[in-house]
Amino acid sequence: MERVHTTMQTMQPRKLFLKYLIPSLFGMMLMAINILVDGLFVSHGVGDNGLAGVNIALPIYSVILAFSLWIGMGGATLYSIALGQNNVHRAKSIFTHAIIITVVVTGIIIGVCLVFEEPLAYLFGANDAIISYVLDYLHVILVFGIFFVLENILSIFIRNDGNPTLAMVGLVVTSVVNIILNYIFIFIFNWGVKGAAYATVLATVIGILVLVTHFLTKRSQLALVKIKIDPSIVRNIISIGFPSFILEASAAVMMIGLNVTFSHYVGETGIFSYAVVNYMHTVFLMLFIGVGAALQPISSYHYGAKLFERLQQFIRIATVTGFIVGVLIFVIGVLGRGLIIWLFGIEGTEVISYIKIGITLFFIGYLFLGINMVLTEFYQSIGIIRIAIMISLLRSFIIFIPLLFIMPILFGPNAIWLVFPIAEGLTMVIMFLSLKFKWIPLIPKA
C-alpha cells in the first residue's frame with residue numbers, strides 16, 4: 001500500500017501518466033486489432049450479409065457491456081478514492097459489492113434479451129436478408145454474456161489496484177486467442193458468424209483466467225470479503241458509474257439510429273457501407289477509451305488524496321493526448337481509405353464510392369471525440385457525475401439524435417455521415433465555453 005502512495009504522489013506527472021497510458025493503449029490497440037480481424041474474417045469468410053448481420057447485433061452486445069461499465073467504473077472510482085484515503089477495508093467492500101451487483105443486474109438483462117431475441121434484432125435494423133446472421137451471432141453472445149461482463153469489471157479493478165500491466169496482458173491474451181480461434185472456426189470449421197461468436201467467448205474465458213492471477217500476487221489489495229449489502233455503497237456505485245452507462249448505451253443508440261437511417265435513405269448499400277465504417281469506428285474508439293482508462297485511476301486517487309494542483313497537470317496531459325490521437329486517426333482514415341476498403345475485400349463501384357465519402361466525413365468527428373471522452377472520464381473519476389452525464393447526453397441524445405432526423409431531410413443522404421462530427425464538435429465547443437466562463441469548475445474541491 002505504501003508503494004502505491006509513493007508512486008502516485010511523487011512520480012513526475014508525465015512519467016506517471018505514461019506508466020498507465022502505455023499498457024492501457026497497447027491493450028486497447030490489441031483489442032482494436034482483434035475487433036478489426038473479427039470483421040475481416042467475417043467479411044471474407046461469410047460475406048457482406050454476415051458482416052452486416054454482426055454489425056446489427058453489436059448494439060445489443062454494447063448494452064450488456066454498458067451495464068458492466070456502469071458498475072465497474074462506479075465501483076473502481078470509489079475503490080481508488082478509498083485507497084487514496086488509505087481505507088483498504090472499505091476498498092475491498094466496494095469491490096465485493098460491485099461484483100455482486102454486476103452478476104445480478106447483467107444476468108437479468110441477458111435473460112430478458114434472450115426471451116426477445118428476434119424482435120430486438122428487427123428493432124435494431126435487421127431485415128429478412130440478414131436476420132439469420134444476426135440471430136446466429138447474437139444468441140451465442142447473450143448465452144455467454146456473463147463472461148464478457150466479468151472480464152471487463154476485473155480488468156477495470158485490477159488497473160485501479162496498481163497493476164495496469166496485467167490488465168493489458170489480459171487484453172493481449174484475449175485478443176490473440178480470439179484471432180486464432182476466429183480463423184479456425186470460420187475458415188476451417190466453416191461455422192460462419194457463430195464461429196466468430198464462439199471464438200470471442202472462449203478467448204474471453206482464457207482472458208479471465210489470466211486476470212485472476214492478480215489475486216495470487218502479494219501486491220494485490222483486491223479481495224472478495226464477507227459483507228452485508230450497504231445501500232449507500234450501492235447508491236454511490238450506481239450514481240458514479242452512470243456516465244459510463246450513458247456513454248456506452250448512447251453509442252449503442254447512435255449505432256441503431258445510423259443503421260435505421262441508412263436503411264431508410266440509402267438501402268442495403270448504406271447498411272453495408274456503414275457496417276464497414278462502424279467496424280473502423282469501433283476499432284479507433286478503443287484508443288480513446290485507452291486514454292480515459294489511463295487517466296481514471298490517477299485522477300480518482302489524486303482527488304481522494306486532495307492533490308488538486310497535481311491533478312490539474314494530469315487533465316492537461318490527457319486532453320492533449322486525446323486530441324493528438326484524434327488527429328492521427330483522422331489522417332490515417334483519410335489517407336488510408338483505399339487500404340481499408342481493400343482489407344474488407346469490398347467490390348462494387350457504388351459501395352466503394354459511398355464508403356470513401358463516409359470515411360472522409362465521419363472521421364472528422366475524431367478531431368473532437370478524444371477531448372470529449374477525456375473530460376467525461378475525468379469528471380466521472382472524481383465522482384462529479386452531473387458534468388460527466390451532461391457531456392454524454394450532449395454528444396448523443398441532445399445533439400446527435402435530432403441531427404440524425406434533420407440532416408438527411410435538409411441536405412440529402414450523404415449528410416448522415418456528418419451527424420457524428422457535428423455532434424462531437426458542438427459538444428466540445430460547449431464544454432470549452434463552460435470552462436472558460438466558469439459555468440462549471442474544472443476541479444470542484446472535495
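As the structure is a computational prediction, the values presented were derived from the model and not from experiment.

### Concerning the confidence of the model for the protein
Residue-level pLDDT values for the protein average 86, and 98% of them are 70 or greater. Averaged over each element, pLDDT in the protein is lowest for helix α1 (residues 2-10) (62) and highest for helix α18 (residues 419-436) (95).

### Here's the deal with the nonpolar core
Membership of the largest hydrophobic core comes to 119 residues, with the highest contact counts inside it found for F17, F344, F363, Y366 and Y379. Counting residues per element, this core draws most heavily on helix α11 (residues 268-304), which supplies 20 residues. With 31 residues, the next largest nonpolar core counts W70, I71, L166 and I233 among its residues.

### Description of the packing of aromatic side chains
Scanning the model with the defined rule gives 33 aromatic pairs in all. Between the aromatic rings of F242 and F245, the centroid separation amounts to 6.0 Å while the plane-to-plane angle is 25 degrees, which identifies the pairing as stacked. Residue F242 and its partner F245 are both found in helix α10 (residues 231-265); the two are separated by three residues, about one turn of the helix. Of the aromatic side chains, those joined through ring pairs into one cluster are F262, Y274, F284, F288, Y354, F362, F363, Y366, W417 and F420.

### Here we look at the pattern of salt bridges
For side chains bearing opposite charge, pairing can occur when the charged atoms are close. In total, this model carries one salt bridge according to the counting rule given. Here R395 and E424 are joined by a salt bridge, their closest N and O atoms 2.7 Å apart. Of this pair, R395 sits in helix α16 (residues 385-398) while E424 sits in helix α18, and the two are 29 residues apart along the sequence. You'll find R395 and E424 in the same group, each marked buried.

### What to know about the side chain of N163
Tracing the backbone through its elements, the reader meets N163 in the loop between α7 (145-160) and α8 (164-188). Apart from the residues within four sequence positions on either side, N163 is in contact with I158, H214 and R219.

What counts and what doesn't
- Residues numbered from 1 in each chain as written.
- Predicted model: local features only at pLDDT ≥ 70, side-chain atom pairs only at ≥ 80, totals over all residues.
- Heavy atoms only, no water.
- pLDDT = per-residue confidence, 0-100.
- Helix = DSSP H or I, 4+ residues; strand = E, 2+ residues; numbered from the N terminus.
- Core = buried A, V, L, I, M, F, W, Y, C linked by side-chain atoms within 4.5 Å.
- Buried < 20%, exposed > 50% of the residue type's maximum accessible area, 1.4 Å probe, protein only.
- Phe/Tyr/Trp six-rings, centres within 6.5 Å; stacked < 30°, edge-to-face > 60°.
- Salt bridge = Lys/Arg side-chain N within 4 Å of Asp/Glu carboxyl O.
- Contact = heavy atoms within 4.5 Å.

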